[in-house]
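# Summary of structural features
Here's the letter readout for the chains.
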Amino acid sequence: MATLNHSTVRRLKNLPQIPSVWEGDRRPMATDASPSIDTDSETAGECIIWVDGSQGMVRAMDMVAPDMGPEAIVRTLLRAIEHPQSPAPVARPQKIVVKDREIQFFLRGVLQNLDIVIEYVPDLPLIDEIFRGLQEVAQSRPPQLPPQYAKVVTEKAYQIWQDAPWEHLGDHQIISIELNLFGINTLYVSTLGKLGMDYGVLLYRSLDSLKRFRERIVRNKSYENLEEAFLTQDCLFVTFDRTDGFDEDEDEDDDDFVTITNLSPSEIEPNFGNLHPLEGLRSILYDEEAAIVLIALEALHRFLRDHRQKLARYEFPSLNRRYRIPVDLPDGEKKQVSVKVETLPDIASELASMVADDDDDDDEDMDVDAPRLRDDLVPPKSFLSLGVVPWETAKYLRSNTQFHQAAETEIPELGEGLPVVVIQTTKPKAEILIRSLQDAGGLQGIGFNPGEDPMAGSNYDLGILKTEDGDLHLFGEFIEDDPVHQEARKKWEQRCKKTKGWCGLIIAMGLTGASRGKPQFKDMMALLEVHFIPSEDLDLGRLQLIPSEF
């Protein structure tokens, strides 16, 4: 059994001892009383509480995991003594009473040198009353979704996750949903996820709110008062996060660009809520709001299904379609709601111009014509690796792939082979990637550049593709001090030196098949032979991650 350090005992004994009797207990308590979907139990923890029975006040309280040992109750007790949460003096009690024999014996052993009497009593009426109040509060807390809508709205959210609209839509490419229900004429849909940080769908109740928020964020170069700007939005939202059980370290692949989009639906959970300038952020939807979100998600899902090919071309054409969507209204009426879903390319151009104008101002101030760094070229969930293909394989691919961009001169066949970056994705996405590179005039080169996330304190080695139109495209983020990546990068650059700076990009399909991570000849759809670009030639400096708008 653990015991207190001698210095701790001396420190505690120097505190005044008051003639009070403290009650202490540890009891199971639901930490989330909201009804869950497709689960057998609530998320439960245990609450440790210490109260001064003489004064009738709580001195310390903690929530701990059920498997936490008895040491936890001592930690909470020491906090009650030295750092009470109520306006009470720092002090030791004269007596402690508990209703659990095991706790009593444990405390007697740990506190034996502190001159505190530890007694067992069958009942703790004050703590019983406090726990009853806590449970009533927990049970009266409304669920995130109304019970009659919880299952179906959650299912629709997972449909949107599978649709992944952020793969083709930027947050400025707005889709309107006209529904005329519960006082809402039109919702304006903006997707989150293009930047690879936050994923979700924002359903603005007014176009003015959307424009004001975007303009405020764009103009706020110092990123001050972001919370105030955030709370001015008027929208419903669905966002996606990792489930609590997901262990990022276990799923991290050294050569894979791992994001939340790589996770299966079972590792993702949708969150719902409301934003309003007067209400603030509320992570709860009430009946009418849940019905609106249900209709909007179903309408968006159908629209994405019907126009996927047109939206997948990295364009935003003028499209519209009408649907009749069945819904059970809060009053029990079953209704077919007629909705019109439409892209708003003019609004998209207007919102994009806000950023363009701001960039122009920056360029004038800095007198620098900075290249664009984009992250919408390489499909999300792609498997990435640095490696080498033998010269015989390179010869085969030059004449047996769907697309080959040949080197301007003959590449010297020195060393093990041609150093390559392999991007493996699904066949449709590989075809889109190839077509996008062709539309950009081809690929000019491959390079790496340092980057950092100042909020997380992380440094990265950013993989960058430079297209002939001058744009720079992010293809991967690698942990800068990862020894596996460092070794792979070192070997890759050594091979590039032997080939006089030549390297290659291989685009392969088969992401979800047996050849995932190890594409075969039949999977390789394109080979582009290009120059390796040193970071000093990219001339970007150390790139810094900017906080997301949402």
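Let me begin by describing the structure that accompanies this report. Quick caveat, the model's predicted, so the values are computed rather than measured.

### Observations regarding the packing of helix H5 (residues 147-163) against helix H9 (residues 287-311)
Running from N to C, H5 and H9 cross one another at 30 degrees; their axes reach a closest spacing of 9 Å. Overall, the two elements H5 and H9 adopt an arrangement that is roughly parallel. Classified by chirality, the crossing of H9 by H5 is left-handed. On H9, the residues that touch Gln148, Tyr149, Val152, Val153, Lys156, Ala157, Gln159, Ile160 and Asp163 of H5 are Asp287, Ala290, Ala291, Val293, Leu294, Leu297, Glu298, Leu300, His301, Leu304 and Arg308. Along the lines of polarity and charge, the residues of the contact of H5 with H9 split into twelve nonpolar, three polar and five charged.

### Describing the packing of aromatic side chains
Within this structure, the stated rule accounts for ten aromatic pairs. Aromatic side chains Phe448 and Phe475 sit 6.1 Å apart centroid to centroid with 70 degrees between the ring planes, which places their arrangement in the edge-to-face category. Here Phe448 is found in strand E18 (residues 443-453), whereas its partner Phe475 is found in strand E20 (residues 472-479), with 27 residues between them in sequence. In this structure, Phe448 and Phe475 share a single accessibility class: buried. Taken together, a centroid distance of 5.5 Å and an interplanar angle of 75 degrees make the contact between Trp492 and Phe532 edge-to-face. Taken as a pair, Trp492 in helix H13 (residues 483-498) and Phe532 in strand E22 (residues 524-533) lie far apart in primary sequence, 40 residues in all. Taking NZ or CZ as reference, Arg101 lies 3.7 Å from the ring centre of Tyr120, over its face.

### A word on the sheet that holds strand E13 (residues 334-343)
What the eight strands build is an open sheet, ordered E11-E10-E9-E8-E7-E6-E13-E12; its pairing is antiparallel. This sheet does not close on itself; its edge strands, each paired only once, are strand E11 (280-282) and strand E12 (320-328). For this sheet the average axis-to-axis angle between neighbouring strands, irrespective of direction, equals 25 degrees. Relative to strand E10 (residues 268-276), strand E9 (residues 235-242) runs antiparallel, the two sharing eight bridges. Note on E10: the bridge partner recorded for Cys235 is Leu275. Lying over the sheet, H5 contacts strand E8 (199-204), E9, E10 and E12, oriented at roughly 105 degrees with respect to E10. The sheet contacts of H9 involve strand E6 (175-181), strand E7 (184-192), E8, E9, E10, E11, E12 and E13, and relative to E12 the element is tilted by about 140 degrees.

How each quantity is defined
- Residues numbered from 1 in each chain as written.
- Predicted model: local features only at pLDDT ≥ 70, side-chain atom pairs only at ≥ 80, totals over all residues.
- Heavy atoms only, no water.
- Axes fitted to C-alpha atoms, helices over the stretch in contact; angles between N-to-C directions.
- Helix = DSSP H or I, 4+ residues; strand = E, 2+ residues; numbered from the N terminus.
- Parallel < 35°, antiparallel > 145°, perpendicular 65-115°, else oblique.
- Left-handed = near helix turned anticlockwise from the far one by under 90°.
- Contact = heavy atoms within 4.5 Å.
- Nonpolar A, V, L, I, M, F, W, Y, C, P; charged D, E, K, R; others polar.
- Phe/Tyr/Trp six-rings, centres within 6.5 Å; stacked < 30°, edge-to-face > 60°.
- Buried < 20%, exposed > 50% of the residue type's maximum accessible area, 1.4 Å probe, protein only.
- Lys NZ or Arg CZ within 6 Å of the ring centre and 35° of its normal.
- Pairing = 2+ DSSP bridges.

It is worth stressing that arrangement in space is one thing and function is another; only the former is reported here.
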